[in-house]
Structures are given as structure tokens and as C-alpha cells.
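# Understanding the architecture of this molecule
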Amino acid sequence: MPRRWVAAVASLSALVALACESGSGSGGGDDGTPRPPRDTPRPGTPVAMAALGDSISTGFGTCLVLASCERNSWSTGDGRRVESHYRRLLDRDPAIRGRAYNHAKAGARASALPDQATRAVRDKADYVTVLIGANDACRADIDQMTPVKTFRQQVDRALRTLREGRPKARVLVVSIPDLYRLWEVGHTDKDAVRAWQRGVCPALLANPTSTAAADRERRRTFQQRIDDYNDQLVAACRAYGSRCRHDRGAAHRVRFTLDDVNTIDHFHPNNAGQERLAKVTWSAAGFAD
């Protein structure tokens, strides 16, 4: 081949290679403006998140046994059965991949939140979900429920840790689900009643079929305590400032059925329940705006 043809082919190859680079995801758009690298987070999208709370956020009971199963968590789960907040954020930007930390613990009450918040700060989380309060009410009896004032103090302490340690992080405070509704839909189901008699949330679910005045009053007191806790969660988030969002009662308003709880304890959300929780709280997080 003549030397001048060799030179021409080489020049053409270089131009083709340059054109391919310009058309890639790290090059420019149709209008010539530069595109961000693929792993650059979209504005406002977190690159690390953490879940604080109790067994609901650990996916407890969603893997056929009564144990935490974090892959099905409505918040940080990475499994395929629940479109969690983490998976939704991952769809928005891959920079968060592998950086969803679950510090929620089965049985945790609000007193455990400050330590969990400290762990989230260490993770450098810039999005934190908080769902707490069910275990503060689900005690052996009404008298053992966490006082409302104490509950608020413990929540405030945890939020203060987040605000001081990660002042730019976005915090989502989720309302406590309507546990009284669980009694409403389950107290006539023999399988649910049998499961609850093993000691599931006694302050609400003891003697579930009883119509005695004392039992009716106990359930009403329990229901009011959940409402009081939810009021304090709203107030605590408001006091935190603009970086805190509340779900505006979305989780509490879910009209769930027994199809949304597992068939072992008939109390904790199954995968369908976790999916519903993820869906109704996602818009409150603000990323869908």
C-alpha cells in the first residue's frame, strides 16, 4: 500500500476514535454541553443512607423465620421483592451502590435511637430514615409504655446527634403504623389470635377476643399512646429544621390487612407490607419532586 494511503487510513481511524469518545456518557450532549461522569451523583441525590429504628426497618419476619432480613427492608433493602428507598435511589444514581447501612434493631425503643444516630454519622450518611415507637408501646402492660415526654426527649437526642454530625443530611421521620388496626382486622382470625397468644404486643393484643370493659379501655389507651407518639414525631421533625421531613402520617394511614403481615406472628409486615410502606413514604422523602 502506498505510504500516503497508510497515512490517510491512520488519520481516519483517529477521527473515528475521537468521535466515539465524544458520543460516550462522559462526553458532551447534543448541544455541546459536557455531561457529568456516570458515577457523579445527580444534584440532591445521596451517596450514602442509613436506617434507624426497630424490627419493621430490619425486614423482620420476611424470610420465613422470625428474624431480621434486611434485604427486604422498606428503607435500605437491596432484594428484588421490595422496591425500597435504597433501590429507588440506586435507579436515580449508581453512586449510592453498596452504601446503605441498616442500624435498626429488632426490639429497639426510642432509647436506642441516639446510638443508632451516632453510627449513621460515622457512615457519613446524607439520607437517614427514622421509624420508631412501636416497641415503646408494645410492652407487657399499659403501665410499662414509655412516657410521652421521655419518648420525645429520646427522639430529640437522636435528631440532635444527626444535626450536629451531618448538618446537610436529609432526614425522613416516618409515622408509626396503625397497630390498633391490626387488632381490628385480626381479632376474629383464629390463626392470628393463636399467634398473638404467644406474647405478641401484649399491651394491645392480650385477650384479643375479649369484649370486657377493661380490655376495651386498654386498647383505647394503647391507640391514644401511638397517636401521642406520632404527634411528638411531627413536632421533633419540625424542631429539627428544614432538613427533616415527616411523612405526614402516610405510614399510619395505610389500611393494611392480614395479607400485609407475615403468617408466623401475624404482626410484622411481610414483603407486601414492606413494599406498601416503601411506596407510601417515598414521596415524603422529597426525591420524587
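Everything in this summary refers to the structure shown in the same document. Computed from a predicted structure; not experimentally measured. (Residues numbered from 1 in each chain as written. Predicted model: local features only at pLDDT ≥ 70, side-chain atom pairs only at ≥ 80, totals over all residues. Heavy atoms only, no water.)

### Quick notes on the nonpolar core
- Judged by nonpolar contacts, the single largest core of 46 residues is most densely connected at Val 155, Leu 162, Leu 205 and Phe 222.
- Element by element, the count of residues in this core is highest for helix α9 (residues 213-240), at seven residues.
- Beyond its immediate sequence surroundings of up to four residues, Leu 205 is in contact with Leu 182, Trp 183, Trp 196, Val 200, Arg 218 and Phe 267.
- Core analysis: the second largest hydrophobic core is formed by 19 residues, Leu 90, Tyr 127, Leu 172 and Trp 282 among them. (Core = buried A, V, L, I, M, F, W, Y, C linked by side-chain atoms within 4.5 Å. Buried < 20%, exposed > 50% of the residue type's maximum accessible area, 1.4 Å probe, protein only. Helix = DSSP H or I, 4+ residues; strand = E, 2+ residues; numbered from the N terminus. Contact = heavy atoms within 4.5 Å.)

### Remarks on the sheet that holds strand β2 (residues 100-102)
- Spatial ordering of the open sheet is given by β2-β1-β3-β4-β5, a layout of five strands whose pairing is parallel. Sheet topology places β2 and β5 (244-246) at the edges, where each strand pairs with a single neighbour. Adjacent strand axes in the sheet meet at a mean angle of 15 degrees when their direction is disregarded.
- In the sheet, strand β4 (residues 170-173) pairs with β5 via three bridges, with the strands oriented parallel. Residue pairing in the sheet places Leu 172 in a bridge with Arg 245 of β5.
- Here helix α3 (residues 113-122) sits on the sheet in contact with β1 (49-53) and β3 (127-131), set at roughly 175 degrees to β1. (Pairing = 2+ DSSP bridges. Axes fitted to C-alpha atoms, helices over the stretch in contact; angles between N-to-C directions.)

### A short note on helix α2 (residues 85-92)
- Within the sequence span of α2, burial applies to His 85, Tyr 86, Arg 88, Leu 89 and Leu 90.
- At its buried positions, α2 is contacted by β1, β2, β3, β4 and α11 (271-285).

### A closer look at the pattern of salt bridges
- If you walk through the whole model with that rule in mind, you get six salt bridges.
- Measuring nitrogen to oxygen at the nearest pair gives 3.1 Å for the salt bridge that ties Arg 119 to Asp 115. Remark: Asp 115 and Arg 119 occur in helix α3; sequence separation between them is four residues, near one turn of the helix.
- Using a relative accessible area of 44% as the deciding quantity, one classes Asp 115 as partly exposed. (Salt bridge = Lys/Arg side-chain N within 4 Å of Asp/Glu carboxyl O.)

### Here's the deal with the packing of helix α6 (residues 179-186) against α9
- Two numbers describe how α6 lies on α9: the axes approach to 8 Å, and their chain directions differ by 145 degrees. The segment α6 lies against α9, with Leu 179, Tyr 180 and Trp 183 engaging Arg 219, Phe 222, Gln 223 and Ile 226.
- Of the residues in the contact of α6 with α9, the class split is five nonpolar, one polar and one charged. (Nonpolar A, V, L, I, M, F, W, Y, C, P; charged D, E, K, R; others polar.)

### Describing α9
- For α9, with 28 residues, the first-to-last C-alpha span of 41 Å sits near the 40 Å given by 1.5 Å per residue.
- Of the positions making up α9, those classed as buried are Asp 215, Arg 218, Arg 219, Phe 222, Arg 225, Ile 226, Tyr 229, Asn 230, Leu 233, Ala 236, Cys 237 and Tyr 240.
- Positive backbone phi, approximately 120 degrees, marks Gly 241, located one or two places after α9. (Expected span 1.5 Å × (residues − 1).)

### What to know about the packing of α2 against α11
- It is the contact of α2 with α11, at a shortest axis distance of 9 Å, that shows an interaxial angle of 55 degrees. In terms of their interaxial angle, α2 and α11 are classed as oblique. Residues His 85, Arg 88, Leu 89 and Arg 92 of α2 touch α11, and the partners they reach there are Glu 275, Ala 278, Lys 279, Thr 281, Trp 282 and Ala 285.
- Classifying every residue of the contact of α2 with α11 gives four nonpolar, two polar and four charged. (Parallel < 35°, antiparallel > 145°, perpendicular 65-115°, else oblique.)

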